[in-house]
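Notes for the structure review
The chain contents come next:
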Amino acid sequence: MTRAGFAAVIGAPNAGKSTLVNRLVGSKVTIVTQKAQTTRFPVRGVAIEGESQIVLVDTPGIFRPRRRLDRAMVRAAWSGAQDADAIVHLVDAEAELAAAEPKPKAADKLAAEDVRTVVEGLKRAGRQAILALNKIDRVRRDALLGLTNRLFESGAYTEVFMISALDGSGVDDLKRRLAELMPEGPWLYPEDQAADLPTRLLAAEITREKVYLRVHEELPYSASVETTAFEERKDGSARIEQSIYVEREGQRAILIGKGGRTLKWIGEAARKELAEILGRPVHLFLTVKVRETWAEERSTYADLGLDFDV
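This write-up is about the structure you can find in this document.

Further remarks concern the overall build of the protein. Scanning the protein from N- to C-terminus turns up 10 helices and 9 strands. The buried share of the protein, reckoned over its 310 residues, is 51%. Of all intrachain contacts in the protein linking residues separated by at least 6 positions in sequence, the fraction that spans at least 24 positions is 71%. Accessible surface, the protein: about 14600 Å² in total, of which carbon and sulfur atoms supply 48%.

Encoded structure:
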């Protein structure tokens, strides 16, 4: 009997959700950077385990929102989890343990606060989740037991898996458990389909990933990428035009770089990966534009599938 259903992966920004989804699927379906909060809308990756098809919803990080875009991202995250057949709450074990130290870093304290936010949200929704402690390759095993007990006391979890999304430790066990939790029924997607993200949107996400990989120190969350043209050419290649929007002229200069070197690196890295994913040659053309209000425009939210009026 085949099974198929939805599993939402939720957690604080930078907990490793995108890395876990990519690991479960076995291919890249969502961007991964060292920058927190890079996933802006739920991305469905399709994983197969035996007779089960697991449609993975990789959600934006759940945190205490400040801007309109933040509120829309958090709303999207909870929406992705609300109707899922299973929920995985991914927790950065390293950050959680560090937050309990006498003088924790601000980033670790914030990560721990975001974990509490997720626990509170699960309780309000009347849902329980699988607790997945991530980055166990970077912490002492004896410390994990105490952390597990402390988090389980919240009553928000049914079981725990200790994993490393980066090297794959424990991920197969989690995948098998998710497969068991999927309801009986026909598969929702063809066997060879890894994601349902539209190609134009995927192309924009790949380029945005390269932007943050290259300028993550200099550029805050002030860039958006839009695929403005996608042409299938007669020779089998794809011609893609994209605009990278920033909020200030100084950010535009950073993205272009001296002699255009930074933008060239971004374009070459994005083109190479897009060619691999699409299985054909790609001609990519990038333009950097200043649009001060892009994060407050209704059209931006519509393109990302986010609720502008949240």
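Let us keep going from here.
To continue, consider the pairing of strand S7 (residues 223-232). Taken together, the 9 bridges between S7 and strand S8 (residues 238-246) define a ladder with antiparallel strand orientation. Of the residues in S8, the one forming a bridge with Glu-226 is Ser-243. The antiparallel hairpin formed by S7 and S8 contains 5 residues in its connecting segment, where Gly-236 sits at a positive phi of about 95°.

This paragraph deals with the sheet that holds S8. Pairing within the open sheet is mixed, and its 3 strands lie in the order S7-S8-S9. Edge positions in the sheet fall to S7 and strand S9 (282-290), since each has one partner strand and no second. Strand-to-strand, the axes of this sheet are offset by a mean angle of 20°, without reference to chain direction. Contacting S7, S8 and S9, helix H7 (residues 199-215) runs over the sheet at an angle of about 135° to S7. Packing of helix H9 (residues 261-278) onto the sheet brings it into contact with S7, S8 and S9, and relative to S9 it is tilted by some 140°.

Moving on to the packing of aromatic side chains. Both the distance between ring centres and the angle between the ring planes are used here to describe each pair of aromatic rings. Counting across every chain of the model gives 1 aromatic pair. Ring geometry for Phe-152 against Tyr-157: centres 6.0 Å apart, planes inclined by 50°, an arrangement best described as tilted. The exposure class assigned to Tyr-157 is buried, which follows from its relative accessible area of 4%. Sitting over the face of the ring of Phe-285, Arg-239 holds its NZ or CZ atom 4.2 Å from the ring centroid.

As for its position among the elements, Gly-50 is in the loop between strand S2 (43-49) and strand S3 (52-58). Residue classification places Gly-50 among the exposed positions, given a relative accessible area of 56%. Placed 129 residues apart in sequence, Gly-50 and Ala-179 show a C-alpha to C-alpha distance of 7.9 Å.

Let's shift gears to the nonpolar core. Core analysis: the biggest nonpolar cluster contains 25 residues, and Val-211, Ile-240, Ile-244, Leu-255 and Val-282 have the highest contact counts within it. Considering each element in turn, this core owes the most residues, 7 residues, to H7. Leaving out residues up to four positions away in the same chain, Val-282 has contacts with Ala-238, Ile-240, Arg-271, Leu-274 and Ala-275.

Another aspect to go through is the side chain of Lys-210. Relative to the assigned elements, Lys-210 resides in helix H7. For Lys-210, a relative accessible area of 7% puts it in the buried group. A polar atom in the side chain of Lys-210 sits 2.8 Å from the side chain of Glu-273.

This part is about the pattern of salt bridges. Evaluated as defined, the whole model comprises 13 salt bridges. Measuring nitrogen to oxygen at the nearest pair gives 2.6 Å for the salt bridge that ties Glu-96 to Arg-116. One end of the pair, Glu-96, is in helix H3 (residues 93-99); the other, Arg-116, is in helix H4 (residues 106-125), with 20 residues separating them in the sequence. The partly exposed category is assigned to Arg-116, whose relative accessible area is 29%. One continuous salt-bridge network, built from bridges that share partners, spans Glu-96, Arg-116 and Arg-150.

Procedures and definitions
- Residues numbered from 1 in each chain as written.
- Predicted model: local features only at pLDDT ≥ 70, side-chain atom pairs only at ≥ 80, totals over all residues.
- Heavy atoms only, no water.
- Helix = DSSP H or I, 4+ residues; strand = E, 2+ residues; numbered from the N terminus.
- Buried < 20%, exposed > 50% of the residue type's maximum accessible area, 1.4 Å probe, protein only.
- Contact = heavy atoms within 4.5 Å.
- Areas by Shrake-Rupley, 256 points an atom, 1.4 Å probe, with all protein chains shown as cover.
- Pairing = 2+ DSSP bridges.
- Axes fitted to C-alpha atoms, helices over the stretch in contact; angles between N-to-C directions.
- Phe/Tyr/Trp six-rings, centres within 6.5 Å; stacked < 30°, edge-to-face > 60°.
- Lys NZ or Arg CZ within 6 Å of the ring centre and 35° of its normal.
- Core = buried A, V, L, I, M, F, W, Y, C linked by side-chain atoms within 4.5 Å.
- Polar contact = N/O pair within 3.5 Å; in protein donor to acceptor, adjacent residues only side chain to side chain.
- Salt bridge = Lys/Arg side-chain N within 4 Å of Asp/Glu carboxyl O.

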